[in-house]
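Residue-level listing of the chains:
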Amino acid sequence: MGTSSVDKRGAFIVLEGCDRTGKSTQSRQLLEFLQKRGVAVKRMAFPERKSNIGQTINAYLTNKKQISDEAIHLLFTANRWEFQNEMKELLLSGTSLIVDRYLYSGVAYSTAKGLSYNWCLAPEKGLLRPDIVFYMKMKSIDGLLERGNFGDERYEKKEFQIKVSNVFEDIYAKERRYWHEINAELAADDIHKEIVKQTECLLKNLTDKTLEYMK
């Protein structure tokens, strides 16, 4: 595949799904795969916990800080917005982005807490839209409970994850055009092969520098 030329922008790839479905593992494996093939690529994860906003989010997620549902949703959104210029510059310079969680998690988790779906989506409009979302789906939430460290953070409760999963299904139905469902119960190597196949196809077919935005 070689390094991207300046005539071709990078691909914007996102991995989404409930907690402990293997998103981080798969995003790292895809990063290593593309790096070995000489593709300019960077991995990111949201929330990005190192910024000031990210540190506040981290304190909330690790149960060290209490914040209202509306306020924490807007902080998650602001965390994505503060990195948009950097992401845009990378993509236009030919660097592909692999992002572990994005706005869809923000909408899914806040909606699962009882906030209005449309209210949650509104501040996300105008953000960069991914070229492809790999939706890591577990057929049964019970499978998540057996995975390492499940329950360490605020949202890792079975009943809540079921609600999150239901919202992800609604989002998938709306965004099916660029969402690709992955059976997260498969062996990690099989999942990696499927993600690589779809990514190679995407990189081959990116013909211009036009970026897509959430509407």
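As the structure is a computational prediction, the values presented were derived from the model and not from experiment.

**Student:** Any chance you could explain the layout of surface pockets here in plain terms?
**Tutor:** Rolled over the atoms, a probe with the dimensions of a water molecule shows which regions are left empty. Its boundaries defined by the atoms lining it, the second largest pocket holds a volume of some 200 Å³. Along the wall of the second largest pocket there are 13 residues; nearest its centre are R9, D131, L202, N205 and L206. Top contributing element to the lining of the second largest pocket by residue count: helix α9 (residues 188–205), with four residues.

**Student:** In this structure, what is going on with the packing of aromatic side chains? I would like to understand it.
**Tutor:** Here a ring pair, both rings aromatic, is described through the centre-centre distance and the interplanar angle of the planes. On inspection of all chains with the given rule, the structure shows 10 aromatic pairs. Grouping aromatic residues by their ring pairs yields a cluster made of F12, F46, F83, Y102, Y104, Y135, F168, Y172 and W179. For the cation-ring pair, R129 lies above Y178, with the distance from its terminal atom to the ring centre recorded as 4.0 Å. The ring centre of Y117 lies 4.5 Å from the NZ or CZ of K174, which sits over that ring.

**Student:** Explanation requested: the pairing of strand β4 (residues 132–137) in the structure shown.
**Tutor:** Walk down a regular strand and you will see the side chains alternate between the two sheet faces. Where burial is concerned, most of β4 is hidden: five out of the six residues are buried. For strand β1 (residues 12–17) and β4, the ladder comprises five bridges, and the chain directions are parallel. Within β4, the position partnered with L15 by the bridge is F134. Looking at chain direction, β4 and strand β5 (residues 179–183) are connected through five bridges and run parallel. Looking at β5, one finds that V133 is bridged to W179.

Thresholds applied
Residues numbered from 1 in each chain as written. Predicted model: local features only at pLDDT ≥ 70, side-chain atom pairs only at ≥ 80, totals over all residues. Heavy atoms only, no water. 1 Å grid on protein atoms, 1.4 Å probe; cavity = no way out; pocket = protein on both sides within 12 Å on 5 of 7 lines; lining within 4 Å. Points joined across faces, edges and corners; volume = space filled by probe spheres on them. Helix = DSSP H or I, 4+ residues; strand = E, 2+ residues; numbered from the N terminus. Phe/Tyr/Trp six-rings, centres within 6.5 Å; stacked < 30°, edge-to-face > 60°. Lys NZ or Arg CZ within 6 Å of the ring centre and 35° of its normal. Buried < 20%, exposed > 50% of the residue type's maximum accessible area, 1.4 Å probe, protein only. Pairing = 2+ DSSP bridges.

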